[in-house]
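Listed below are the residues making up each chain.
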Amino acid sequence: MSKSVDQPEMNRREFLGKTVVAATAATVAPGVLLTVANANSEQQGVSSDVRWGMLIDTNKCADGCSACVDACNKENGIDLQQKPEGHSDEMWEQQRVQWIRKVKLQDKQTGEQTNLPLMCQHCEFPPCVDVCPTGASFKRADGIVMVDRHICIGCRYCMMACPYKARSFIHEEVANQLANAPRGKGCVESCNLCAHRIDDGGTTTACQDACASKGHNAILFGDLKDPNSAISKVLKEKSSRQIRADLELNTGVRYTNV
Amino acid sequence: MKTLHYRELWCSSPRYWGGLAFLGVIILIGLVAAFYMEHSGHYVTGMTNQIVWGLPHVFAIFLIVAASGALNVASIGSVFGGPMYKPLGPFSSLLAIGLLAGGLMVLVLDLGRADRLIVAMTNFNFKSIFTWNIFLYSGFFVIVGVYLWTMMDRKVEKFKRPVGFAAFFWRLILTTGTGSIFGFLVAREAYDAAVLAPMFIIMSFSYGLAFFILTLMSAFWWADRTLGDVRLAKLKNLLGVFVGSVLYFALVYHITNLYITQHHGVEGFILLNGGVYTSMFWIGQVLIGGVIPLFLLYSPAFATSRLAIASASILVLLGGFFQVYVIVIGGQAFPMNLFPGKEVLESSFFDGQIASYIPTMPEALLGIAGIAVAMTLVAVGARMLRVLPETLEDPEDECA
Ligand code: SF4
């Protein structure tokens, strides 16, 4: 452009045109890169006649035992995830996926110690589901709260909203995975009460089985709506509590002796 | 009063194109950084499962909040009829659009799956405030765009006031919506406060005006046009009021929090023993973003000093950035209290511990690119559209 008079009418048109072209390109380009998601959060065959839940007897949960955590990692292929090459251990510890974790507590007054596993509490009114913009975070009819990894955009708002820090974000490339627990880099995931087992007619979760095989039997899984289920019977007899009951989320995971 | 003529910004080519090229390079670097983070996965950032929203969110929220405030000048001009502000309306709308676009770009490129943006545009969960924000943001572009049009085109001028009102209310809702993103996080103590939403509105006024003053001064310098002292003094006084209000709201926020015993932990963390967050609060937010600018704006020694006005605006933006940082990152770093009365002895997931976060270069580059996008849109817009008056000399008959 050689013209330097202060009357840019012609140039302005040209400039306008070019800008419009550039803007259009910028808008359309992401569409071309688009991954088509086939969203299907409504699972078929899941009944609202049941509500899956868990009861954890912290008295039975052993100090130093991590059987439930290991079993979960194996069952859901979490142990297939590797620390990216050259990455520091310290960062990896904070970035690796954890569906279930062991927590050891001490009462500030009495000094009494408690051990317990902590995972997604499968709330009846889950905050993660409320905040999720796309509906990827959803609650099944049978009470299981999980993420549809096909429509999760990785905004992490659910992680901000979860009172239990139950969710993990996949920070790294996924090289290997199991068919029953599909996952992908850039999405959020959390405990789904071994939904694949339940959908195949199973009645236990991997963590429960592992705990039982160690002889601790601290984890009891079952249908909260069935008055004759083992979990309902124990809940009726013993006093149990929800973590952060003050938030009134009506969690599906309960604890005794905390 | 003389009739005003608006004209496109027309600067000598090297200065204009050089500036644009510079901004373009910054944007390009930011996009490369975003691609790198997206391609490798977020492990290359400082973000973790404890600090899930990092530096990009700080930039994005900062810009989005500022965007709605930048529109303030237009609102004062056409909604409340301030004659000194009227000629500045179109430019203020353009800046608002630019800042919002820059902020949204950062927000979107920091998604775990930015390529699924279309999913976010087609799957809506209407219980989510995020979903509402998608509509608030798109609506903002449309309404402010129309508003800009009514200000520039005589034929539709009669709609200016109603559209102006609509834009004014829309952006109040928009800022409330942005603030509410935090209000919905019931479990996190730092965000559990009713004053957060109004505080975001007043923050937006302050940051938006600081951006406005800076871009206006540079545009006029770029184009060699005159900007009157009286008009600048008006803007400067207004900025002073906003900066004071932000300080006041921060005070109310922390005092109300101190009334709630449950929140003593997080308050002590921000105000006393939170290390980097405490310094950012006192030195960044209060001193750099509040006390020093107030001094620069109100001290008679700098009554007409343009350098003082520009420096004050820059400091307000810096302080605002720290403020958003403390809210977003500090609020996450403080541990959630899952077991009241108990101390966490062991946890593989860092329960009960203060989370650490060290931002990485790519995150910063992406954030800075957001600012560059905003500035580019303003530069291109001012070059294409008649948003700036030919001169803003002080009117003779109207001395403040
Ligand atoms: S990270 Fe995924 S599941 Fe979580 S709120 Fe965002 S889109 Fe929903």
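Since the structure is predicted, the reported quantities are computational estimates derived from the model, not experimental observations.

The rules we used
- Residues numbered from 1 in each chain as written.
- Chains lettered and ligands numbered in written order.
- Predicted model: local features only at pLDDT ≥ 70, side-chain atom pairs only at ≥ 80, totals over all residues.
- Heavy atoms only, no water.
- Near = heavy atom within 4 Å.
- Nonpolar A, V, L, I, M, F, W, Y, C, P; charged D, E, K, R; others polar.
- Buried < 20%, exposed > 50% of the residue type's maximum accessible area, 1.4 Å probe, protein only.
- Helix = DSSP H or I, 4+ residues; strand = E, 2+ residues; numbered from the N terminus.
- Pairing = 2+ DSSP bridges.
- Bend = angle between axes of the 7 residues up to and from the residue.
- Contact = heavy atoms within 4.5 Å.
- Core = buried A, V, L, I, M, F, W, Y, C linked by side-chain atoms within 4.5 Å.
- Axes fitted to C-alpha atoms, helices over the stretch in contact; angles between N-to-C directions.
- Phe/Tyr/Trp six-rings, centres within 6.5 Å; stacked < 30°, edge-to-face > 60°.
- Disulfide = S-S within 2.5 Å.

## Topic: the site of the ligand
Close contacts around the ligand come from 13 residues, with Cys132(A), Cys152(A), Cys155(A), Arg156(A) and Cys158(A) the closest. Split by residue class, the shell around the ligand holds nine nonpolar, three polar and one charged.

## Describing the pairing of strand β8 (residues 219–223) of chain A
Working note: regular strand, side chains alternate between the two faces of the sheet. All names here are of chain A. Judged by how many residues are buried, β8 sits mostly within the fold: four of five residues are covered. One ladder, built from five bridges, connects strand β1 (residues 52–57) with β8; its direction is antiparallel. Bridge pairing in β8 places Trp52 opposite Asp223.

## Focus: the pairing of strand β2 (residues 100–107) of chain A
Most of β2(A) is tucked away, with seven of its eight residues classed as buried. In terms of strand pairing, β2(A) meets strand β3 (residues 113–119) of chain A through seven bridges, oriented antiparallel. Within β3(A), the position partnered with Ile100(A) by the bridge is Met119(A). With antiparallel pairing between neighbouring strands as the criterion, β2(A) and β3(A) make up a hairpin whose turn holds five residues, including Gly111(A) at a positive phi of roughly 80°. As defined by bridge partners, β2(A) adjoins strand β2 (residues 342–347) of chain B across five bridges and the pair is classed as antiparallel. What sits directly across from Gln106(A), in β2(B), is Glu343(B).

## A few points about helix α11 (residues 276–298) of chain B
All names here are of chain B. The principal kink in α11, of about 45°, is found at Leu287. All of the buried residues in α11 are Tyr277, Thr278, Met280, Phe281, Gly284, Gln285, Val286, Gly289, Gly290, Pro293, Leu296 and Leu297. Of the surrounding secondary structure, the elements contacted by the buried residues of α11 are α9 (229–259), α10 (264–273) and α12 (306–333).

## Notes on the nonpolar core
Within the largest apolar cluster, 200 residues are counted, with the highest numbers of intra-cluster contacts made by Tyr157(A), Leu99(B), Phe182(B), Leu216(B) and Leu235(B). Here this core takes 19 residues from helix α8 (residues 196–223) of chain B, the largest share from any one element. For Phe182(B), the residues in contact, after removing those within four places along its chain, are Trp53(B), Ile61(B), Tyr191(B), Leu196(B), Phe200(B) and Val328(B). If you look at the next biggest cluster of nonpolar residues, it comprises six residues, including Cys65(A), Ala67(A), Cys194(A) and Ala210(A).

## What to know about the sheet that holds strand β9 (residues 253–256) of chain A
Residue and element names in this part refer to chain A. The strand order across the open sheet formed by three strands is β8-β1-β9, and the pairing between neighbours is mixed. With one partner strand each, in any of the chains shown, β8 and β9 form the two edges of the open sheet. Neighbour-to-neighbour, the strand axes of this sheet turn through a mean angle of 20°, independent of strand direction. Pairing between β1 and β9: four bridges, direction parallel. Looking at β9, one finds that Leu55 is bridged to Arg254. Sheet strands in contact with helix α7 (residues 206–213) are β1 and β8, and its direction is about 140° off that of β8.

## Some details on the packing of aromatic side chains
Residues and elements named next belong to chain B. Under the counting rule described, the total for this entry stands at 27 aromatic pairs over all chains. Here the aromatic rings of Phe124 and Phe135 are separated by 5.0 Å at their centres, their planes lie at 50°, and the arrangement is tilted. One end of the pair, Phe124, is in the loop between α5 (117–122) and α6 (129–152); the other, Phe135, is in helix α6, and 11 residues separate them in sequence. Residue classification places Phe124 among the partly exposed residues on the basis of a relative accessible area of 29%.

## Side note on the state of the cysteines
What makes a disulfide is a covalent bond joining the sulfur atoms belonging to two cysteines. All names here are of chain A. Evaluated as defined, the whole model comprises zero disulfides over all chains. For Cys187, which is in no disulfide, the shortest distance to another cysteine sulfur is to Cys152 and amounts to 4.3 Å. Distance from the sulfur of Cys191, which forms no disulfide, to the nearest cysteine sulfur (Cys120) is 5.6 Å. Residue Cys191 is classed as buried on the basis of its relative accessible area, which comes to 10%.

## Quick notes on helix α2 (residues 67–75) of chain A
Residues separated by three or four positions in an α-helix point in the same direction, a consequence of the helix having 3.6 residues per turn. All names here are of chain A. The element α2 is largely enclosed, with a buried count of seven among its nine residues. Those residues of α2 lying buried are Ala67, Cys68, Val69, Ala71, Cys72, Asn73 and Glu75. A positive backbone phi angle near 70° is found at Gly77, which sits one or two residues after α2.

In short, shape yes, function no, at least from these values alone.
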